[in-house]
Amino acid sequence: MSTHGFDTLDDLPADRRLLVRLDLNSPIEDGTPTDNRRFERHAETVRELADAGHRVVLLAHQGRPGRDDFVSLDGHAGILAEHVGQGIGFVADTHGEAAVDAIDALDPGEILLLENTRMCDDELPEADPEAKADTEFVRTLAAHVDAYVNDAYSAAHRSHASLVGFPEVLPAYAGRVMATEYAANTAIAGREFDGRVTMVVGGTKATDVIEVMDALGDSVDDFLLGGIAGELFLRAGGHPVGFDLDPERDLYDSQWERNHELIEGMLDERGDQITLATDLAYADPDGTGRERVEIAVDDIDEKEVSFLDVGTGTAEAYADVVRDSAAVFVKGALGVFEDEPFSVGTVTVLEAIAETDCFSVVGGGDTSRAIERYGLAESDFDHVSIAGGAYIRALTGRPLAGVEALKRAASR
Ligand SMILES: Nc1ncnc2c1ncn2[C@@H]1O[C@H](COP(=O)(O)OP(=O)(O)O)[C@@H](O)[C@H]1O
Ligand SMILES: O=C(OP(=O)(O)O)[C@H](O)COP(=O)(O)O
């Protein structure tokens, strides 16, 4: 057993038929996944298991039902196979006859990827591990394997069937990514800093970051906000931003419903720790959709456009705070950096972090991609985590459901 209380691949017996949970959740462009560090990191675990002669059945999720990024894992299999250096079979089935037949047909050293776990009704929503273990999904697949490996650190904060159900009923082990990220993030949580501690908060998963901001209020001096969370805080301040204008897209309103009381309370009680954008950028509706237009927040008087980035003035003000910080934690991009005109906020702040001698962590499957995409060196950051929500929760010292499940399995 590792010092963290769970078993790892070092404890795994030989010649197993393994169910291995990865996190291949990736940005989707034109319906297909884009290659990123998650594939590269998980490929090492998968290669080690296949080379050791185990039969390897992979589970992963992509996106959330109802969102554009909720797609099949067909494309993921090819990208992962490139990184592993070996063919990976794919079956478009989560736990039906096709999935089970493909598992039973595996030879030692072969690898199979099953369909997006979130296409199975048993996977979501969150529930306690016993309930998740007692689903048809878990019972069916568990009967065809010998053991379970969880390598999906970046999804370990979710109490979903593929993360907490299997370790209730199978011998369970942490994969290499799980063990390494857990150790790194736990060590960061215990650090003390001699100076200003800053957290840059953005991205689309406002609910994740707002809860954590609330919990980290005593250990972070400045929160610099952008992305969806930033707009929800501006909305709480009475500005006409942070609303869903496209009825097909659910980015703002449901997260507002869930969090607005918390946001209002935080602004009331410690608004001086929270810095919001003073200007924002959007795509010129009369142009090709890529021309960047900036507007001061105080000049926005109608809910007319969707904002895609913080403005240049805000980006520079945030970079000044970074340069004056002893530690900077980033979770979520300040804008839609994938589209270059709207990368200004994210890239200006990341460049300031890279140039400054502060302790720095950048997290999030999407956000960490901005580093490679804009030519920054990973070596200029202390830790680049492929996890977002899991890493910031670890900073608050909160247990991660997937890790707790591995610990329970090890103590049985
Ligand atoms: N104003 C915005 N509108 C829409 N998307 C945004 C906005 N600001 C940032 N984003 C998106 O947020 C994504 C990263 O956020 P998120 O998925 O929460 O983080 P991560 O996966 O890095 O933890 C980026 O891909 C970026 O395009
Ligand atoms: O990408 C993920 O988290 P992250 O965006 O916090 O890094 C995980 O795959 C969890 O996905 P979810 O936030 O849709 O449950």
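On a predicted model such as this, the values are computed, not experimentally measured, just so you know.

Participant: Outline the domain arrangement of the protein chain, listing residues and values.
Facilitator: As assigned here, the protein chain comprises domain 1 (9-182 + 399-411) and domain 2 (190-381). In this structure, domain 1 and domain 2 have C-alpha centres spaced 31 Å apart. The interface is formed by 13 residues belonging to domain 1 together with eleven residues belonging to domain 2. Summed over both partners, the interface of domain 1 with domain 2 buries about 960 Å², with 29% contributed by carbon and sulfur atoms. Among the residues of domain 1 in contact with domain 2, P27, R37 and R67 are the three that bury the most area, contributing 49% of the side total. Joining domain 1 to domain 2, the criterion identifies four salt bridges. Between R37 and E372 there is a salt bridge, and its shortest N-O distance comes to 3.4 Å. The tally of links from domain 1 across to domain 2 stands at three residue pairs in polar contact (both at pLDDT 80 or more). Residues that form the side of domain 1 that touches domain 2 fall into these classes: one nonpolar, five polar and seven charged.

Participant: Explain the side chain of R38 to me, using residue names and the numbers behind them.
Facilitator: You can see R38 is positioned in helix 1 (residues 37-51). Polar side-chain contacts of R38 include one of 2.8 Å to the backbone oxygen of N25. For R38, the contacting residues outside a window of four places in its chain are D23, L24, N25, S154, G365, I386 and A387.

About the cut-offs
Residues numbered from 1 in each chain as written. Chains lettered and ligands numbered in written order. Predicted model: local features only at pLDDT ≥ 70, side-chain atom pairs only at ≥ 80, totals over all residues. Heavy atoms only, no water. Domains from an automatic or database assignment. Contact = heavy atoms within 4.5 Å. Buried area = accessible area lost by both parts, 1.4 Å probe. Salt bridge = Lys/Arg side-chain N within 4 Å of Asp/Glu carboxyl O. Polar contact = N/O pair within 3.5 Å; in protein donor to acceptor, adjacent residues only side chain to side chain. Nonpolar A, V, L, I, M, F, W, Y, C, P; charged D, E, K, R; others polar. Helix = DSSP H or I, 4+ residues; strand = E, 2+ residues; numbered from the N terminus.

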